[in-house]
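As a plain string of letters, each chain reads:
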Amino acid sequence: MTLTQSLLSMGGGVLLLLAGAEGLVRGASALALRIGITPLVVGLTVVAIGTSSPELVVSIQAALAGEGGVALGNVVGSNIANLGLIVGVAAVLTPMTVDRKLVRHDVPIMLVSMAALVVFLLDGTLERWEGGVLLAAAGGIGWVLVEGLWGRLRIRMTRSEI
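Residues numbered from 1 in each chain as written. Predicted model: local features only at pLDDT ≥ 70, side-chain atom pairs only at ≥ 80, totals over all residues. Heavy atoms only, no water.

## Details of the overall build of the protein chain
Next up, step 1: A count of helical and extended segments in the protein chain gives five helices and zero strands.
Next up, step 2: Secondary structure elements in the protein chain, listed N-terminal to C-terminal, are α-α-α-α-α.
Next up, step 3: Counting only contacts in the protein chain whose residues sit at least 6 apart along the sequence, the fraction spanning at least 24 positions is 40%.
Next up, step 4: Accessible area for the protein chain stands at about 12100 Å²; split by element, carbon and sulfur atoms hold 73% of it. (Helix = DSSP H or I, 4+ residues; strand = E, 2+ residues; numbered from the N terminus. Contact = heavy atoms within 4.5 Å. Areas by Shrake-Rupley, 256 points an atom, 1.4 Å probe, with all protein chains shown as cover.)

Here's what the structure looks like:
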């Protein structure tokens, strides 16, 4: 494959990724409005998982190829880009209001998860059991978010039926 073909393929892939991400965000936002979920909750669950799928695929492929450093760099780089670049640009473009619950609940979870990764990497390796702990924690946090979401949805449905 020539350099021109590679660049055209990469550009086409970026355009397809942008179109897919736009469709995901619009669909998830429309779903949230229909069933009465706040866009923040949708952003923290459905959209976050959907937009992280490319990183997941790359990390899994890298890990299976024995390139753990690429997988780890992908995760760390994605977090830096999401927090620094995306949130930073959004805040520069327009002031952001943040719910106090987000700061009290979600930010500490994010900080603890990052600290756990740092502690796990102090010996220079990330063992399977450590990956299992991180995966179980992510699943548990996701379950708590979804359970809280469905609990609020059931309360809204019950109130609207009265």
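Having put the structure on the table, let's press on.
## Examining the pattern of salt bridges
Next up, step 1: Taken as a whole and judged by the stated rule, the model has one salt bridge.
Next up, step 2: Salt-bridge contacts for Arg26 lead to Glu22; the nearest nitrogen and oxygen are separated by 2.6 Å. Of the two residues, Arg26 and Glu22 both sit in helix α1 (residues 3-35), four residues apart, roughly one turn of that helix. (Salt bridge = Lys/Arg side-chain N within 4 Å of Asp/Glu carboxyl O.)

## Quick look at helix α4 (residues 100-120)
Next up, step 1: With 21 residues, α4 should reach 30 Å at 1.5 Å per residue; the first-to-last C-alpha distance of 30 Å fits that figure.
Next up, step 2: At Asp106, α4 shows its largest kink, close to 30 degrees, and the proline Pro108 lies no more than four residues downstream. (Expected span 1.5 Å × (residues − 1). Bend = angle between axes of the 7 residues up to and from the residue.)

## Thoughts on α1
Side chains three or four residues apart in an α-helix point the same way, a direct result of the helix having 3.6 residues per turn.
Next up, step 1: In this model α1 runs 48 Å from its N-terminal to its C-terminal C-alpha over 33 residues, within 8% of the 48 Å that 1.5 Å per residue would give.
Next up, step 2: Positive backbone phi, approximately 80 degrees, marks Gly36, located one or two places after α1.

## Digging into the side chain of Ser59
Next up, step 1: Along the chain, Ser59 falls in helix α2 (residues 39-64).
Next up, step 2: The residues touching Ser59, leaving out its near neighbours within four places in the chain, are Ala71, Asn74 and Val75.

## What to know about a nonpolar patch on the surface
Next up, step 1: A cluster of nonpolar side chains, namely Leu83, Val87, Met96, Val98, Val103, Leu111 and Met114, defines an oily patch on the protein surface of about 580 Å² accessible area.
Next up, step 2: When contributions to the nonpolar patch are tallied by element, the ones reaching two or more residues are α3 (68-93) and α4.
Next up, step 3: Counting residues per element, the nonpolar patch draws most heavily on α4, at three residues.
Next up, step 4: Looking at the secondary structure, you find Val103 in helix α4.
Next up, step 5: A relative accessible area of 47% means that Val103 is categorised as partly exposed. (Patch = residues over 30% accessible without salt bridge, like charges linked within 9 Å, V, L, I, M, F, W, Y side chains within 5 Å. Buried < 20%, exposed > 50% of the residue type's maximum accessible area, 1.4 Å probe, protein only.)

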